[in-house]
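# Descriptive analysis of the structure
In case you want the letters, here they are:
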Amino acid sequence: MYGLYDRDGILRYVNSDKKACLDYAELFELQSTNFCLMNLVDNLDKENDTNPVLNQEENNN
C-alpha cells in the first residue's frame, strides 16, 4: 500500500498501486516538491521488527 501525503502531512490518497498514486498527483497537478509518496507496508514491517520489551525498558529510564 502506498500513501500520498501533501506538504502539510495530510494523507491525500491511498492505493496498492504506486502508479495510481502518482496519477492522482498528476490529476490534481501536485508538483513533486509538494507531496510525499510512502510505501506504507514497508513502514509497518519496520515498526514490527522492533522489540517492544526493549522499547518499554528504554522509555522507563
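Calculation notes
- Residues numbered from 1 in each chain as written.
- Predicted model: local features only at pLDDT ≥ 70, side-chain atom pairs only at ≥ 80, totals over all residues.
- Heavy atoms only, no water.
- Buried < 20%, exposed > 50% of the residue type's maximum accessible area, 1.4 Å probe, protein only.
- Helix = DSSP H or I, 4+ residues; strand = E, 2+ residues; numbered from the N terminus.
- Pairing = 2+ DSSP bridges.
- Core = buried A, V, L, I, M, F, W, Y, C linked by side-chain atoms within 4.5 Å.
- Contact = heavy atoms within 4.5 Å.
- pLDDT = per-residue confidence, 0-100.
- Phe/Tyr/Trp six-rings, centres within 6.5 Å; stacked < 30°, edge-to-face > 60°.

### Points about the pairing of strand 1 (residues 2–6)
Taken across its five residues, strand 1 has four buried, putting it largely inside the fold. Direction of pairing for strand 1 relative to strand 2 (residues 11–15): antiparallel, over a ladder of four bridges. What sits directly across from G3, in strand 2, is V14. What sits between the antiparallel neighbours strand 1 and strand 2 is a turn of four residues, in which G9 has the positive phi angle 85°. Judged from the five bridges that link them, strand 1 and strand 3 (residues 35–39) form a sheet pairing that is antiparallel. For Y2, the partnering residue across the bridge sits in strand 3 and is N39.

### A word on the nonpolar core
One finds Y2, L4, C21, Y24, A25, L30 and F35 forming the largest nonpolar core, which totals seven residues. Breaking this core down by element, the ones donating at least two residues are strand 1 and helix 1 (18–27). If you tally residues by element for this core, the top one is helix 1, at three residues. Here L4 is in contact with I10, L11, R12, Y13, C21, Y24, A25, L30, F35, C36 and L37, once residues within four sequence places are set aside.

### A word on the confidence of the model for the protein
When the pLDDT values of the protein are averaged, the result is 80; 69% of them are 70 or greater. The secondary-structure element of the protein with the lowest mean pLDDT is helix 3 (residues 52–60), recorded at 44, while helix 1 shows the highest, at 96. Within the model, the stretch residues 54–61 combines pLDDT values under 50 with one contact to residues more than four positions away or in other chains.

### With respect to the packing of aromatic side chains
Under the defined criterion, the tally for this structure stands at two aromatic pairs. Judged by centre distance (4.7 Å) and plane angle (15°), the rings of Y13 and Y24 are stacked. Here Y13 is found in strand 2, whereas its partner Y24 is found in helix 1, with 11 residues between them in sequence. Relative accessible area serves as the criterion here: at 15%, Y24 is assigned to the buried category. Aromatic side chains Y24 and F28 sit 4.7 Å apart centroid to centroid with 45° between the ring planes, which places their arrangement in the tilted category. The class of F28 is partly exposed, set by a relative accessible area of 45%. Pairwise contacts between aromatic rings join Y13, Y24 and F28 into one cluster.

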